[in-house]
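# Architecture at a glance
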Amino acid sequence: MSAPARFKNRVKVSERHGAGEWAIEKVALLILMPLAVWVASTALTLTGVGHAGVLAWFANGLNATLAAITAVVFFGFASLAWKVIVEDYIHRPGNKALLLGLINIVCLVLAAASVFFIVRLATGSVPLPAGV
Amino acid sequence: MSSPSPVSGDARDDQTGRFVRQPNGRVRPLSPHLQIWRWHITMTASILFRVTIGAATVGAAMLVGWLAVLASGPDAHAALAACAASPLGLLVGIGLTWVLFSFLLNGGRHLINDTGAGLTVPSANLLSHIAVWGPFVLTAIFWIVLFASGKVSL
């Protein structure tokens, strides 16, 4: 049974979810626009500076923070964008749920790994595998 | 001889509910697809954005791999840097910068269109042309700067 219909400006409001995901995807994309310019300029800066140069760059707190924000926002955006693509082409409920679950897991793991490595680089931790 | 089935191809495996029985008795999709529409630059921009998002995800995964190598010390990084400086490595690098600029310009186009702006035919065409061709221009400038500054050489 569906809830009673709600109206906004005399237009029926959707009974389903989806608008929230759309808005989050757009906000993430908006945040990524200046970050993409920053990534491009960073690529110019870091090309050919060597291991020590890159570590010095990560030792700057602003650089490390922006890198972590970029990684988390991008993989969040990617999971939603892939969801849109999958929902356009995959229509069997089982396959769709399986793919969306896999996409979310992959994006979550990549975001977590990014933050893990960025924190290690920013704090100048000993090279991995540490303690072996 | 039996008459051919009116249901053929994709219609037999319809997952979408798009297929309907037309007045001539044949089952055909309700809406036409890419092979029916006259090609337009807005379609190219839209398709390229999807391709870009897929490629950007792969590129981001490669960047996470780069972080892992950096965190594994100077020796591992030197090995990766040698790979990246090879012709194949440069090709991948050029591809990734194209993806980055395509993401930037197509993302900008999409955000403008999402507000309801830029949807007249001339402005939609203009934004699409920028999103399709801009990445090639920006990628060329990017690598000319890298080669000219001596940071990259063949």
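The paragraphs below set out a description of the structure included in this document. Values in this document were obtained by computation on a predicted structure and should not be read as measured data.

## Thoughts on the overall build of chain A
A tally of helices and strands in chain A yields four helices and two strands. Ordered by position in the sequence, the α and β elements of chain A form the string β-β-α-α-α-α. For 132 residues, the compact-globule estimate of 2.2 N^0.38 gives 14 Å, and chain A exceeds it by more than 25% at 20 Å. When the backbone C-alpha atoms are referred to their principal axes, chain A occupies close to 60 × 35 × 25 Å. The buried share among the 132 residues of chain A stands at 17%. Relative to all contacts within chain A whose residues are 6 or more apart in sequence, the contacts with residues 24 or more apart total 69%.

## Section: the packing of helix α1 (residues 41-70) of chain B against helix α4 (residues 121-148) of chain B
Residues and elements named next belong to chain B. Contact geometry of α1 with α4 gives a least axis separation of 8 Å together with a crossing angle of 45°. Relative to α4, α1 is oriented oblique. Our pair here, α1 against α4, has a crossing hand that is left-handed. Contacts between α1 and α4 pair Ile-41, Thr-42, Thr-44, Ala-45 and Leu-48 from the former with Ala-124, Asn-125, Ser-128, His-129, Ala-131 and Val-132 from the latter. For the contact of α1 with α4, the per-class residue count stands at six nonpolar, five polar and no charged.

## Looking at helix α1 (residues 19-46) of chain A
With 28 residues, α1(A) should cover 40 Å at 1.5 Å per step; its first-to-last C-alpha distance of 39 Å lies within 8% of that length. Taken as a whole, α1(A) carries its principal kink of about 30° at A:Met33; the proline A:Pro34 stands between one and four residues after it. Every buried residue of α1(A) is accounted for by A:Ala28, A:Leu29, A:Leu32 and A:Ala36. In this structure, the buried side of α1(A) is in contact with α3 (61-89) of chain A together with α3 (87-114) of chain B. Just beyond α1(A), the residue with positive phi is A:Gly48, at close to 80°.

Each value, and the rule that gives it
- Position labels on residues start from 1 in each chain and follow its written sequence.
- Here every chain gets a letter starting at A, and every ligand a number starting at 1, in the order they are written.
- Local features are withheld for residues below a pLDDT of 70 in this predicted model, meaning they are given only at 70 or higher, and side-chain atom pairs are given and counted only at 80 or more; totals for whole chains, interfaces and linings count all residues.
- Starting at the N terminus, helices and strands are each numbered in turn, a helix being any DSSP run of H or I of at least four residues and a strand any DSSP run of E of at least two.
- As defined in this context, the radius of gyration uses C-alpha atoms, and a globule is described by 2.2 Å times the residue total to the power 0.38.
- We call a residue exposed when 12 or fewer other C-beta atoms sit within 10 Å of its C-beta, buried when the count reaches 20 or more, and partly exposed for counts in between; the C-beta positions come from the backbone.
- C-beta atoms are first placed from the backbone for all residues, and any pair lying within 7 Å is then listed as a contact.
- The axes used here are C-alpha line fits, helices contributing only the stretch in contact, and every angle between their N-to-C directions lies in the interval 0 to 180 degrees.
- Here is the rule for angles: anything less than 35 degrees is roughly parallel, anything more than 145 is roughly antiparallel, 65 through 115 is roughly perpendicular, and the remaining ranges are oblique.
- Two helices crossing with the near one rotated counterclockwise from the far one by less than a right angle form a left-handed crossing, whereas a clockwise rotation gives a right-handed crossing.
- Residues are grouped as follows: nonpolar covers Ala, Val, Leu, Ile, Met, Phe, Trp, Tyr, Cys and Pro; charged covers Asp, Glu, Lys and Arg; every other residue, Gly included, is treated as polar.
- What a helix is expected to span follows from its residue count: subtract one and scale by 1.5 Å.
- A residue's bend is simply the angle between two axes: one fitted to the seven residues ending at it, one to the seven starting at it.

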